[in-house]
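Spelled out, the chains give:
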Amino acid sequence: MKKNKVAIIGTVGLPAKYGGFETLAEHLVTHLSDKYDFTVYCSKKKYAKEEQIESYKGAKLEYINLDANGIQSIPYDTISILKSLKNNDVLLILGVAGAWILPFVRLFTKKKIIISIDGIEWKRDKWSLFAKLYLCWAEKIAVRFSHIDISDNESIQDYTGLKYKTLSHVIEYGADHTLEVKPTNEDYIKYPFLSQQYSVKVCRIEPENNVHLVLEAFKEMPNKPLVLVGNWKNSKYGMDLKEKFSNVSNIHLYDPIYNQREIDLIRGNAAIYIHGHSAGGTNPSLVEAMYLGLPIMSFKVSYNKTTTENKAIYFSTAEELITKLKDTTETELEILRKEMKAIALRRYTWGFISNQYDLLVKEALQTDKKKSIYSETNKLDNDFLDEYQMSHLKNAEMFYNKR
């Protein structure tokens, strides 16, 4: 039987190195290549010439000579979308950078569009005012002109429902590619902190991830080691922090580690995972830490509370983090380990995630128009709504239709 062709757009590429979208693409290809012919668009800037292969795990790879991140993501995604129109039935677009072209795709083609809006990207502190305005507009275009849009968190689904009157599909990230790694003698020599009780944080070094807050807290607790892995050289913010805290005895700062075993080694043997993200949706590093059975101390925002089902320990300031670290008992941490692992096993496995994407592709192939979140209320009689005290649904629909 002929397989439908699906383009994956908006990632750095395959094989996955570092990033949630790349890991997602790799596992979709791994789990669904027997059902679909995939083409994955890759950044030539991120792969050495000898790494630029034609196919990977059954997926065709095509290279664009632009960076997939930052301001270049707009032309990168745009070119990827245009190239994908020739041979693909479904465009799975990860991120909204190239969304400006989607009205033309809908007007001149019959291609089906699934787009992941990647959290509320325009709110991230790293963007300039112009970039924030563009991304806010692009988000609106992405939701309006896609056949299906994906939120990676129920809090993002609430946001898009209220703002755009459409029902986004919630699909999170898998984490079962992470492994528990027992340290070897060589590991203890390379990473001496492995012999201690330490906390760990893995993230991009950006203000929205509250790296400064976490570092300031641990600076005040010299008896509590912290290991923080991130792209310190990527910005002035990161370079300034590394210079300021690299000589603090209990703080260990590492640049990105692309070896999966070493990342799992460092995370999996930690006593606590510190999650500082304050923007976006479901964060891949958070669900990976949960799958490894780490107790989570997380920045208190709705996305993180949703991901952890409101069962983690939360903080909003350095002072609160210090208090939580000092006051939480080993018994409480052990309970938290089991709770985080149970949530991850139930929600964050790649087989489950891939199956959800499979269903979305099938739905997209049969969908011509996105339904309003309030469309079903048109079928309900006003007296029925009054009887069951649901008149607010009709009122909400009237309010939004007048906007």
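Residues numbered from 1 in each chain as written. Predicted model: local features only at pLDDT ≥ 70, side-chain atom pairs only at ≥ 80, totals over all residues. Heavy atoms only, no water.

(A) Focus on the pairing of strand S13 (residues 296-299). Note that strand S12 (residues 272-275) and S13 share three bridges and pair parallel. Its bridge partner lying in S13, Tyr-273 is registered against Ile-296. The β-α-β motif built from S12, the intervening helix H10 (residues 284-291) and the parallel element S13 has right-handed crossover chirality. With three bridges joining them, S13 and strand S14 (residues 313-315) adopt parallel strand pairing. Bridge pairing links Met-297 to Ile-313 in S14. Once the chain exits S13 it traverses helix H11 (residues 302-307) before rejoining the sheet at S14, and the crossover so formed is right-handed. (Pairing = 2+ DSSP bridges. Helix = DSSP H or I, 4+ residues; strand = E, 2+ residues; numbered from the N terminus. Right-handed = clockwise from strand over helix to strand, strands pointing away.)

(B) The arrangement of the sheet that holds strand S10 (residues 226-229) in detail. The sheet built from six strands is open, its strands ordered S11-S10-S9-S12-S13-S14 with parallel pairing. Where the open sheet ends on each side, the last strands, each with one partner, are strand S11 (251-254) and S14. Neighbour-to-neighbour, the strand axes of this sheet turn through a mean angle of 20°, independent of strand direction. Along the sheet face, helix H7 (residues 211-219) touches strand S9 (199-202), S10, S11, S12, S13 and S14 and points at about 160° away from the line of S10. (Axes fitted to C-alpha atoms, helices over the stretch in contact; angles between N-to-C directions. Contact = heavy atoms within 4.5 Å.)

(C) How the structure looks around the packing of H10 against helix H13 (residues 330-347). Running from amino to carboxyl end, H10 crosses H13 at an angle of 115°, the nearest separation of the two axes being 7 Å. Comparing the axis directions of H10 and H13 gives the class roughly perpendicular. Contact with H10, carried on its side by Val-287, Met-290 and Tyr-291, involves Met-340, Lys-341, Ile-343, Ala-344 and Leu-345 of H13 and no other residues of that element. Classifying every residue of the contact of H10 with H13 gives seven nonpolar, no polar and one charged. (Parallel < 35°, antiparallel > 145°, perpendicular 65-115°, else oblique. Nonpolar A, V, L, I, M, F, W, Y, C, P; charged D, E, K, R; others polar.)

(D) The arrangement of empty space enclosed by the protein in detail. Under the counting rule described, the total for this entry stands at one cavity of 30 Å³ or more. Roughly 40 Å³ of volume is contained in the largest cavity. In terms of lining, the largest cavity is formed by Val-6, Leu-28, Leu-32, Phe-38, Leu-92, Tyr-357 and Val-361. (1 Å grid on protein atoms, 1.4 Å probe; cavity = no way out; pocket = protein on both sides within 12 Å on 5 of 7 lines; lining within 4 Å. Points joined across faces, edges and corners; volume = space filled by probe spheres on them.)

(E) Broad picture of the nonpolar core. In terms of nonpolar packing, the biggest core is built from 128 residues, with Leu-215 and Leu-321 touching the most fellow members. The element best represented in this core is helix H4 (residues 129-145), accounting for eight residues. When neighbours within four sequence positions are excluded, Leu-215 is seen to be in contact with Leu-226, Leu-228, Trp-232, Leu-241, Phe-245, Ile-251 and Leu-253. (Core = buried A, V, L, I, M, F, W, Y, C linked by side-chain atoms within 4.5 Å. Buried < 20%, exposed > 50% of the residue type's maximum accessible area, 1.4 Å probe, protein only.)

(F) Quick peek at the side chain of Ser-285. Checked against the element boundaries, Ser-285 lands in helix H10. Here Ser-285 falls in the buried class, since its relative accessible area comes to 12%. Here the side chain of Ser-285 touches Tyr-273 through a polar contact of 3.3 Å, side chain to side chain. At a separation of 2.3 Å, a polar atom in the side chain of Ser-285 contacts the side chain of Asn-283. Every residue in contact with Ser-285, bar those within four places of it in the chain, is listed here: Val-202, Arg-267, Tyr-273, His-275 and His-277. (Polar contact = N/O pair within 3.5 Å; in protein donor to acceptor, adjacent residues only side chain to side chain.)

(G) Local environment of the packing of helix H1 (residues 20-32) against helix H14 (residues 350-365). One can describe the packing of H1 onto H14 by two numbers: an axis separation of 9 Å at closest approach and a directional angle of 80°. With respect to their mutual orientation, H1 and H14 come out roughly perpendicular. Two secondary-structure elements touch here, H1 through Thr-23, Leu-24, His-27, Leu-28, His-31 and Leu-32 and H14 through Trp-350, Gly-351, Ile-353, Ser-354, Tyr-357 and Asp-358. Of the residues that constitute the contact of H1 with H14, the class distribution is six nonpolar, five polar and one charged.

(H) Quick peek at the pattern of salt bridges. Under the definition given, this model contains 22 salt bridges. Salt-bridge contacts for Glu-154 lead to Arg-347; the nearest nitrogen and oxygen are separated by 3.6 Å. Of this pair, Glu-154 sits in helix H5 (residues 154-164) while Arg-347 sits in helix H13, and the two are 193 residues apart along the sequence. On the basis of relative accessibility, which here comes to 31%, the residue Glu-154 falls in the partly exposed class. (Salt bridge = Lys/Arg side-chain N within 4 Å of Asp/Glu carboxyl O.)

(I) Broad picture of H14. Its 16 residues place the ends of H14 22 Å apart at the C-alpha level, agreeing with the 22 Å of an ideal helix rising 1.5 Å per residue. Every buried residue belonging to H14 is among Trp-350, Ile-353, Ser-354, Tyr-357, Asp-358, Leu-360, Val-361 and Ala-364, and all of these are buried. In an axial view of H14, the angular spread of the buried residues amounts to 165°, which keeps them on one side of the axis. (Expected span 1.5 Å × (residues − 1). Arc of directions from axis to C-beta.)

(J) Expanded view of the sheet that holds strand S5 (residues 90-94). Pairing is mixed across the open sheet formed by eight strands, whose spatial order is S3-S4-S2-S1-S5-S6-S7-S8. Either end of the sheet is taken by a strand with one partner, and the two such strands are strand S3 (55-56) and strand S8 (169-170). In terms of strand pairing, S5 meets strand S6 (residues 112-116) through five bridges, oriented parallel. Bridge pairing links Leu-92 to Ile-114 in S6. Across the face of the sheet, H1 comes into contact with strand S1 (4-9), strand S2 (36-43), S3, strand S4 (59-64), S5 and S6 while running at roughly 155° to S2.

(K) Looking closely at the environment of Glu-216. Mapping Glu-216 onto the fold places it in helix H7. Since its relative accessible area comes to 29%, Glu-216 is described here as partly exposed. As a C-alpha pair, Glu-216 and His-169 span 47 residues in sequence and 38 Å in three-dimensional space. With near-sequence residues (within four places) excluded, Glu-216 lies in contact with Lys-244 and Phe-245. Within the structure, the side chain of Glu-216 is placed 2.9 Å from the side chain of Lys-244, a separation counted as a polar contact.

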